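Structural description and commentary
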2 protein chains.
Amino acid sequence: MRRDIFQAVADPTRRAIMVLIAFQAMTPNAIAENFNTTRQAVSKHLRILTECELVKQEQKGREIYYSLEVEKMKEIDMWIEQFRASWETRFNQLDTILSKIKKTRNE
Amino acid sequence: MRRDIFQAVADPTRRAIMVLIAFQAMTPNAIAENFNTTRQAVSKHLRILTECELVKQEQKGREIYYSLEVEKMKEIDMWIEQFRASWETRFNQLDTILSKIKKTRNE
DNA sequence: TATACACGCAACCAATCGGTTTCACAAATT
DNA sequence: AATTTGTGAAACCGATTGGTTGCGTGTATA
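On a predicted model such as this, the values are computed, not experimentally measured, just so you know.

Further remarks concern the interface of chain A and chain B. Listed per partner, the contact involves 31 residues of chain A and 30 residues of chain B. At the surface where chain A touches chain B, the tally comes to four salt bridges. B:Arg84 is paired through a salt bridge with A:Asp77; the nearest N and O atoms lie 2.6 Å apart. Put simply, chain A and chain B have two residue pairs in polar contact (both at pLDDT 80 or more) between them. Elements represented by at least two residues in the side of chain A that touches chain B include exactly α1 (5-10), α2 (12-20) and α5 (74-106) of chain A. When residues in the side of chain A that touches chain B are grouped by element, the largest group, 12 residues, is from α5(A).

Structure representation (structure tokens):
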């Protein structure tokens, strides 16, 4: 029972669900209509997403509305953050190299 | 044989390897010394990372140096990007609510 | 009250995963 | 030339995964 955000996001169906409920809460049945799987399969995905707090539930009568907990996504963003500086630096280095080449050509 | 960036990043050992070789290229043996697994296990992780182009190899004699392909990380960043606007908006909404509460208290 | 609906949960299943062990091969060292 | 070293690849194994089917429960509707 691994409840890790990265593991949760690894599945393409779960990513699609996340996008789907990002801007409007939806019931499991409504979500399932968008995929070629059963409601139970979607329900399982929702359970995983709920357990790692990427999704929140809201009961309304006999229906349960699921919506994305966008804040939680920051945790992924934070992990990538440590590399962002690196790839921006690389760009700068490339710029430096390119301008040096240009300079050499013009000499 | 699923070669998906998100699936590659899902494994904690692979994430650790990525951090390890982000700033300096390393051989499989050297990488393996940092974990409680065999070189072969690390080698398997490196294969997966290589296949989805998160890592590049450089042969030097009988040694192979692996290093992170930081540029590829942007693909994950791009997926998160679609939610970033949303969570920033939420913050703004929260700010608005908080300042309203503050205002009410002061009245 | 009986029926239909929305849902979660448990049992089961084939496929995949992360790991180990064993092997083969090429490059360095003796 | 023989040995050691660094490596990838294949065979195998138990655990996990994503999926299905069948069930029980609570809420709406007839």
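From this point, the narrative continues.
This part takes up the nonpolar core. Note that soluble globular proteins tend to have their nonpolar side chains buried in a common cluster. Among the nonpolar cores identified, the biggest contains 55 residues, and A:Leu54 and B:Leu54 are the most heavily contacted of them. If sequence neighbours within four positions are ignored, B:Leu54 has contacts with B:Ile5, B:Ala8, B:Val9, B:Met18, B:Leu49, B:Ser67, B:Leu68, B:Glu69, B:Lys72 and B:Met73.

Turning our attention to the side chain of A:His45. When you line up the elements, A:His45 lands in helix α4 (residues 39-51). The contact partners of A:His45, leaving out residues within four places of it in the chain, are A:Asp11, A:Thr13, A:Arg14 and A:Ile17.

The two copies are related by a screw operation: chain A maps onto chain B through 180° of rotation and 0.0 Å of translation along the axis, at an RMSD of 0.0 Å. Classification of the inter-copy transformation places it as that of a two-fold axis. By C-alpha distance to the rotation axis, the residue of chain A lying nearest is A:Ala10, at 3.0 Å. Here 97% of the contact residues of chain A are again contact residues in chain B; the copies associate through an equivalent surface.

This part is about the pattern of salt bridges. Under the definition given, this model contains 20 salt bridges over all chains. The partner of B:Glu51 in a salt bridge is B:Arg47, with the nearest N and O atoms 3.1 Å apart. In this pair, B:Glu51 and B:Arg47 both sit in helix α4 (residues 39-51), four residues apart, roughly one turn of the helix. Using a relative accessible area of 32% as the deciding quantity, one classes B:Glu51 as partly exposed. Overlapping salt bridges, with partners in common, bring together A:Asp77, A:Glu81, A:Arg84, B:Asp77, B:Glu81 and B:Arg84 in one network.

Right, let's get into the side chain of A:Asp77. Examined against the element boundaries, A:Asp77 turns out to sit in helix α5. The buried category is assigned to A:Asp77, whose relative accessible area is 12%. Filtering out sequence-adjacent residues up to four positions away, A:Asp77 remains in contact with A:Arg84, B:Asp77, B:Ile80, B:Arg84 and B:Trp87.

Now for helix α2 (residues 12-20) of chain B. All names here are of chain B. The set of residues buried in α2 consists of Arg14, Arg15, Ile17 and Met18. Projection of α2 onto a plane perpendicular to its axis shows the buried side chains occupying an angular sector of 160°, all on one side. With a side-chain oxygen positioned 3.0 Å from the backbone nitrogen of Thr13, the residue opening α2 is Asp11.

The next subject is the packing of α2(A) against α4(A). Helix-helix packing is described using two parameters, namely the angle between the two axes and the distance between the axes. All names here are of chain A. It is the contact of α2 with α4, at a shortest axis distance of 10 Å, that shows an interaxial angle of 75°. Relative to α4, the element α2 lies roughly perpendicular. Within the contact between the two elements, α2 uses Thr13, Arg14, Ile17 and Met18 and α4 uses Val42, His45, Leu46, Ile48 and Leu49. For the contact of α2 with α4, a count of residues per class yields six nonpolar, two polar and one charged.

Each value, and the rule that gives it
- Residues numbered from 1 in each chain as written.
- Chains lettered and ligands numbered in written order.
- Predicted model: local features only at pLDDT ≥ 70, side-chain atom pairs only at ≥ 80, totals over all residues.
- Heavy atoms only, no water.
- Contact = heavy atoms within 4.5 Å.
- Salt bridge = Lys/Arg side-chain N within 4 Å of Asp/Glu carboxyl O.
- Polar contact = N/O pair within 3.5 Å; in protein donor to acceptor, adjacent residues only side chain to side chain.
- Helix = DSSP H or I, 4+ residues; strand = E, 2+ residues; numbered from the N terminus.
- Core = buried A, V, L, I, M, F, W, Y, C linked by side-chain atoms within 4.5 Å.
- Buried < 20%, exposed > 50% of the residue type's maximum accessible area, 1.4 Å probe, protein only.
- Least-squares fit on C-alpha atoms with pLDDT ≥ 70 in both.
- Arc of directions from axis to C-beta.
- Axes fitted to C-alpha atoms, helices over the stretch in contact; angles between N-to-C directions.
- Parallel < 35°, antiparallel > 145°, perpendicular 65-115°, else oblique.
- Nonpolar A, V, L, I, M, F, W, Y, C, P; charged D, E, K, R; others polar.

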